[in-house]
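Observations on chain architecture
Single-letter residue listing:
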Amino acid sequence: MEIVFFTGGEGHHFLDLKNYKIDPPVLFFIHKNQVHHWEINTAPRGYVIIIKESYLETTKDKSINTRLLQLNGINELRIPSEKAGQLENLFRALCHEFEGSHPKTAIFEGIFNVILMSLTDYANRLNGNPQNTGLLFLNMISADLKVNVRHYAETLNMTPQNLNNLCKKLFNQTASEVIARHIIKEVKYLLVYTDLAVADIACKLSFQDTSNFIRYFKRHTGLTPFKYRKTDPEH
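Residues numbered from 1 in each chain as written. Predicted model: local features only at pLDDT ≥ 70, side-chain atom pairs only at ≥ 80, totals over all residues. Heavy atoms only, no water.

1. Some words on the overall build of the chain
From N to C terminus, the chain includes 11 helices and 7 strands. Computed over its C-alpha atoms, the radius of gyration of the chain comes to 19 Å, within 12% of the 18 Å expected for a compact globule of 235 residues. Each of the three principal axes of the chain carries a C-alpha extent, and together these read 60 × 45 × 30 Å. Going through the 235 residues of the chain one by one, you find that 41% of them count as buried. Considering only intrachain contacts with a sequence separation of at least 6, the fraction spanning at least 24 residues in the chain is 66%. (Helix = DSSP H or I, 4+ residues; strand = E, 2+ residues; numbered from the N terminus. Rg over C-alpha atoms; globule rule 2.2 N^0.38 Å. Buried < 20%, exposed > 50% of the residue type's maximum accessible area, 1.4 Å probe, protein only. Contact = heavy atoms within 4.5 Å.)

Structural data, given as structure tokens:
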């Protein structure tokens, strides 16, 4: 995913055949597999954040994944002029920390999280929809990972079908896909940064048995947990 924040410049952004005018202050979100190109008429000013999957899989601040997922269905976000300066200060601080001689991960991720919180807040205000149920669903997943759509649906007093429809509307993913995204990231983290046995990881994430867990992980990654742990350079 890329986040592009224009503070100056003119032109157009063509994203999946749709034309967006570059009229700062404005942000564009370029998601995986989207086709896009720029037509810039004047010298642009601003910031670009490129977020790699490898970073999301290893970050210790799991709320970053949740906030990025909230922005998944957004391509363009226009910022109120009175808020642009404050947001630019945050981007500038993020760059300063990233480019420093001794960058500190906790500080960098703290600033990044504040930026994402601001963006999701702007998006919710502009859309006129606080997305309370969607946010609650994401928070529930982060707090208690389970491979069970019905578990979350019942907790939210919804049917699995209604939760699925909500996820498609908010995140362009099914409820199962949203859950899987969180689970796979957590499993990869546990495989790389802990010595937990695969069976223990399966139990921790409430899989019925280890073989079911192994099939689930391989279906989403193409590798067994054992192979992933063995080949990952961090382990």
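2. Comments concerning the environment of Ala143
Position of Ala143 relative to the elements: it lies in helix H5 (residues 132-143). The spatial distance from the C-alpha of Ala143 to the C-alpha of Thr224 is 25 Å, given a sequence separation of 81 residues.

3. Overview of the nonpolar core
By size, the foremost hydrophobic cluster in this structure holds 34 residues, and its most contacted members are Phe137, Leu163, Val178, Ile183 and Val187. When contributions to this core are tallied by element, the ones reaching two or more residues are H5, helix H6 (149-155), helix H7 (160-171), helix H8 (175-193), helix H9 (198-204) and helix H10 (210-221). Sort the elements by how many residues they give to this core and H8 lands first, with 11 residues. If near-sequence neighbours (up to four positions away) are discounted, Ile183 is found in contact with Leu145, Lys146, Val147, Leu205, Phe207 and Tyr216. Among the nonpolar cores identified, the runner-up in size contains 26 residues, and Phe29, Ile49, Leu68 and Leu87 belong to it. (Core = buried A, V, L, I, M, F, W, Y, C linked by side-chain atoms within 4.5 Å.)

4. Comments concerning the sheet that holds strand S5 (residues 36-40)
With respect to topology, 3 strands assemble into an open sheet ordered S3-S2-S5, the strand pairing being antiparallel. Edge strands, defined here as strands with exactly one partner in the open sheet, are strand S3 (18-22) and S5. Taken pair by pair, the neighbouring strands of this sheet meet at an average axis angle of 20°, ignoring direction. (Pairing = 2+ DSSP bridges. Axes fitted to C-alpha atoms, helices over the stretch in contact; angles between N-to-C directions.)

5. Brief notes about helix H3 (residues 81-98)
Under the 1.5 Å per step criterion, the end-to-end length of H3 is 26 Å for 18 residues, consistent within 8% with the ideal 26 Å. Those residues of H3 lying buried are Ala84, Leu87, Leu90, Phe91, Leu94 and Glu97. Along H3, the residues classed as buried sweep out an arc of 155° about the axis, all on the same side. Structural note: H3 exposes Ser81, Glu82 and His96 on the side pointing more than 90 degrees away from its buried face. (Expected span 1.5 Å × (residues − 1). Arc of directions from axis to C-beta.)

6. A look at the packing of H8 against H10
It is the contact of H8 with H10, at a shortest axis distance of 11 Å, that shows an interaxial angle of 105°. Taken together, H8 and H10 sit at an angle that is classed as roughly perpendicular. Between H8 and H10, the residues in contact are Ile179, Ala180, Ile183, Ile184, Val187, Lys188 and Leu191 and Phe213, Tyr216, Phe217, His220 and Thr221, respectively. Across the contact of H8 with H10, the residue classes tally to 9 nonpolar, 2 polar and 1 charged. (Parallel < 35°, antiparallel > 145°, perpendicular 65-115°, else oblique. Nonpolar A, V, L, I, M, F, W, Y, C, P; charged D, E, K, R; others polar.)

7. A few points about the pattern of salt bridges
Within the structure shown, the criterion is met by 6 salt bridges. One salt bridge connects Glu53 with Arg181, and the closest N-O pair in it is separated by 3.9 Å. Of this pair, Glu53 sits in helix H1 (residues 53-58) while Arg181 sits in helix H8, placing them 128 residues apart in sequence. Overall, Glu53 belongs to the partly exposed group, its relative accessible area being 35%. (Salt bridge = Lys/Arg side-chain N within 4 Å of Asp/Glu carboxyl O.)

8. Thoughts on the sheet that holds strand S6 (residues 45-50)
Overall, antiparallel pairing links the 4 strands, which are arranged S6-S1-S4-S7 in an open sheet. Lying at the two open borders of the sheet, with one neighbouring strand each, are S6 and strand S7 (76-78). Pairwise comparison of adjacent strand axes, ignoring direction, gives a mean angle of 15° for this sheet.

9. Focus on the packing of aromatic side chains
In total, this model carries 14 aromatic pairs according to the counting rule given. Ring geometry for Phe108 and Phe112: centres 6.3 Å apart, planes at 35°, overall tilted. One end of the pair, Phe108, and the other, Phe112, are both in helix H4 (residues 105-127), 4 residues apart, so they sit about a helical turn from each other. Ring geometry for Phe207 versus Phe213: centroids 5.0 Å apart, planes at 70°, classification edge-to-face. On the basis of relative accessible area, Phe213 is assigned to the buried category, the value being 0%. (Phe/Tyr/Trp six-rings, centres within 6.5 Å; stacked < 30°, edge-to-face > 60°.)

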